[in-house]
Amino acid sequence: MAAETAEAGNSLEKLDRRKFLGLAATAAGAMFIKPELVFGTAANSAVRLGLLGCGGRGTEDAKSLVETGGARVVALADLFHDQLDAARAKFDQLQQEKGFAALDASQLFVGPKAYQQIAASKEVDAIVVATPPYYHPQHLEAAVAGGKHVYLEKPVAVDVPGCLKVMDIGKSAQGKLSLDVGFQIRDCPPFVELVKRIHNGALGKIVCAETYYLTAYLDSTPRPNASPLELRIRNWKYDRALSGDIILEQNIHVIDICNWVLRAHPLKVSASGGRDGRPPGDGDVYGNYHVLFHYPDDVQVTFTSTQFAKGWWDVSERFFGTKGTSQSPYVGALGIWGDEPWQWTGPGSETTEPQAFSRTGNFSSNLQLTDPEKKKAFVESITSGNFHNQADKGVESCLSCIMAREAAYKNHEVTWDHIMKSKEIYDPKLDLSKLT
């Protein structure tokens, strides 16, 4: 792996930004799979879906693909029996209500090799990968090698070598398979309309931005009889090597929106942060970040996050330009104020009071249409043959967050050019074969 990532890193260092962003369109590379698409026994049958990672986020993704994308869950895979059993019961009930058969026992895969087994299944057309982020490159590689379309949850990786691996996998899938990344807000109608207006000049020249992702502490289910190995895997969100820290695993949505609005990635980053506010003994991730991103054209973007606050949460971006200001919160007034005013008045706009924070991404208000639109687009890309490839967007936003994380950890400014040369690997050093 070290040799592969070194070679990938050397080749990428030679690319300028335009070539980097255009990789999905210009990618070449051989695929050692048959690219033909199979949808059960009839052309109009549902896309057959496998879920790899049966926790809350993965289950919500698959549920949305069934309810709004018209897919059918046919296979489940997880390290743990209890998570798989809970997902099986949920999807058996959901799909039987739609006239689908219950899941076949032969398509239930448990244990360290479950990702390979579901990737090799001939009953599966597409796979949702919702495992701990450290495993995303490995699990994506297996799914694509198995000829499966993939909905890959964010972040795509936890370190730069992992990002480069995902980029190479994306190149191999270009034009042959759909590879979506879990930035569902890019399909959310109010955000899509807002960004279109910004790109058409509604804000004039963007000067600066203020952004934040402020949330409460994420509790875990007590497991008094679990081994230290099992606890670490189940509580992966507290673990730097498994999650990438909160700025990758959770906050990345906001940084992805910044990259989308500004049509660029940050050139350099300074940051601070720490664990203050978090309870002791819950791993090694930070509880807060305070970041200054420097984008092209001298656009400065501040970003703040917490993951310990009690009784309140808020997520939003404000962009300030010479003609106006935009605001795009999860809940509340979303629009543009200034020379070309516009406010979202569609579904969800009537909700102005904060709702309960969702650990699985199932939000209302301005995000009411987010998951349905994203999941419909993914399924339609498969059934139409107009395959998506979002590996480049997933990698770019992941690298942007890695820059901020490393700047905070090391207490010095980090540039894009510097981070692209990083060979540092986040290795949790876990032996999954020892799980009981």
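For clarity, every value in this text was computed on a predicted model and none was experimentally measured.

Novice: Explain the overall build of the chain to me, please; I cannot follow it from the model alone.
Specialist: Each helix and strand in the chain was counted, giving 16 helices and 15 strands. Counting the 436 residues in the chain, one finds 56% classified as buried.

Novice: How should I be thinking about the sheet that holds strand 7 (residues 206-216) in this particular structure?
Specialist: Sheets are built from strands that pair by backbone hydrogen bonding, the pairs being arranged parallel or antiparallel. If you walk across this open sheet you meet the nine strands as 14-13-12-11-7-10-9-8-15, and the pairing is mixed. Two strands lie at the open edges of the sheet, namely strand 14 (342-343) and strand 15 (414-415), each paired on one side alone. Lying over the sheet, helix 15 (residues 391-410) contacts strand 8 (268-274), strand 9 (288-295) and strand 15, oriented at roughly 55° with respect to strand 8.

Novice: Sorry if this is basic, but what is going on with the nonpolar core here?
Specialist: Soluble globular proteins: nonpolar side chains tend toward being buried together. If you look at the biggest cluster of nonpolar residues, it comprises 93 residues, and the most contacted ones within it are Val156, Val291, Phe293 and Tyr295. Tallying contributions element by element places helix 15 first for this core, with eleven residues.

Novice: Honestly, the packing of helix 4 (residues 56-67) against helix 5 (residues 81-96) in this entry has me stumped. Any pointers?
Specialist: Packed helices, taken two at a time, are described by the angle their axes make and the gap between the axes. The contact between helix 4 and helix 5 brings their axes to 11 Å, and the two run at 10°. Classed by the angle they form, the pair helix 4 and helix 5 counts as roughly parallel. Taking contact as the criterion, the partners of Thr59, Ala62, Lys63, Val66 and Glu67 in helix 4 are, on helix 5, Ala87, Lys90, Phe91, Leu94 and Gln95. A breakdown of the residues in the contact of helix 4 with helix 5 according to their chemical character gives five nonpolar, two polar and three charged.

Novice: How should I be thinking about the sheet that holds strand 5 (residues 149-152) in this particular structure?
Specialist: One open sheet accounts for six strands, arranged 3-2-1-4-5-6; its pairing is parallel. At either margin of the open sheet sits one strand with a lone partner, and together these are strand 3 (108-110) and strand 6 (179-181). Across the sheet, the mean angle from the axis of one strand to that of its neighbour is 15°, orientation sign disregarded. Pairing geometry for strand 5 and strand 6, over three bridges, is parallel.

Novice: Teacher, can you tell me more about the pairing of strand 5 here?
Specialist: The two faces of a sheet get side chains in turn, since along a regular strand they alternate between them. Judged by which residues are buried, strand 5 turns out to be covered on both faces: His149 and Tyr151 on one side and Val150 and Leu152 on the other are all buried. Direction of pairing for strand 4 (residues 126-129) relative to strand 5: parallel, over a ladder of four bridges. When the sheet's bridge partners are listed, alanine 126 is paired in strand 5 with histidine 149. At this point the chain moves from strand 4, through helix 7 (residues 136-145), to the parallel strand 5, and the crossover so formed is right-handed. Regarding the hand of the β-α-β motif, the stretch spanning strand 5, helix 8 (residues 160-173) and strand 6 is right-handed.

Novice: What should I look at first to understand the packing of aromatic side chains in this one?
Specialist: The relative placement of two aromatic rings is captured by the distance of their centres and the angle of their planes. Under the defined criterion, the tally for this structure stands at eight aromatic pairs. Relative to tyrosine 409, the ring of tyrosine 286 has its centre 5.2 Å away and its plane inclined at 70°; by these criteria the two rings are edge-to-face. Linking tyrosine 286 in the loop between strand 8 and strand 9 with tyrosine 409 in helix 15, this pair joins segments that are 123 residues apart in sequence. Considered together, tyrosine 286 and tyrosine 409 belong to a single accessibility category, that of buried residues. Where phenylalanine 293 meets tyrosine 295, the ring centres are 6.3 Å apart and the plane angle is 55°; that geometry is what we call tilted. Accessibility classification places phenylalanine 293 together with tyrosine 295 in one group, the buried group.

Novice: What should I look at first to understand the pattern of salt bridges in this one?
Specialist: Note on pairing: side chains with opposite charge can pair once their charged atoms come close. All chains considered together, the criterion is met by 28 salt bridges. Its salt-bridge partner being aspartate 92, residue arginine 88 comes within 3.9 Å of it at the nearest N-O pair. Taken together, the residues span about one helical turn, with arginine 88 and aspartate 92 both in helix 5 at a distance of four residues. Between arginine 197 and glutamate 193 there is a salt bridge, with the nearest N and O atoms lying 2.8 Å from each other. Of this pair, arginine 197 and glutamate 193 both sit in helix 9 (residues 189-199), four residues apart, which is roughly one turn of the helix. Several salt bridges converge on common partners, so that one network encompasses Arg57, Asp61, Glu153, Asp371 and Lys375.

Novice: Help me understand the packing of helix 13 (residues 252-262) against helix 15, please; the structure alone is not making it clear to me.
Specialist: Interhelical geometry of helix 13 versus helix 15 gives an angle of 115° and a closest axis separation of 9 Å. In terms of orientation, helix 13 and helix 15 fall into the roughly perpendicular class. Where helix 13 crosses over helix 15, the handedness of that crossing is right-handed. Side by side, helix 13 and helix 15 meet where Ile252, Ile255, Asp256 and Asn259 of the first sit next to Lys393, Glu396, Ser397, Cys398, Ser400 and Cys401 of the second. Residue classes in the contact of helix 13 with helix 15 are distributed as four nonpolar, three polar and three charged.

Novice: Help me understand the side chain of asparagine 366 in this model?
Specialist: Note that asparagine 366 resides in the loop between strand 14 and helix 14 (370-384). In terms of polar contacts, asparagine 366 uses its side chain to reach the backbone carbonyl oxygen of glycine 332, at 2.9 Å. Among all residues touching asparagine 366, those that are not within four sequence positions of it are Cys188, Pro190, Phe191, Pro329, Tyr330, Val331, Gly332, Leu334, Trp344, Gly348 and Ser349.

About the thresholds
- Residues numbered from 1 in each chain as written.
- Predicted model: local features only at pLDDT ≥ 70, side-chain atom pairs only at ≥ 80, totals over all residues.
- Heavy atoms only, no water.
- Helix = DSSP H or I, 4+ residues; strand = E, 2+ residues; numbered from the N terminus.
- Buried < 20%, exposed > 50% of the residue type's maximum accessible area, 1.4 Å probe, protein only.
- Pairing = 2+ DSSP bridges.
- Contact = heavy atoms within 4.5 Å.
- Axes fitted to C-alpha atoms, helices over the stretch in contact; angles between N-to-C directions.
- Core = buried A, V, L, I, M, F, W, Y, C linked by side-chain atoms within 4.5 Å.
- Parallel < 35°, antiparallel > 145°, perpendicular 65-115°, else oblique.
- Nonpolar A, V, L, I, M, F, W, Y, C, P; charged D, E, K, R; others polar.
- Right-handed = clockwise from strand over helix to strand, strands pointing away.
- Phe/Tyr/Trp six-rings, centres within 6.5 Å; stacked < 30°, edge-to-face > 60°.
- Salt bridge = Lys/Arg side-chain N within 4 Å of Asp/Glu carboxyl O.
- Left-handed = near helix turned anticlockwise from the far one by under 90°.
- Polar contact = N/O pair within 3.5 Å; in protein donor to acceptor, adjacent residues only side chain to side chain.

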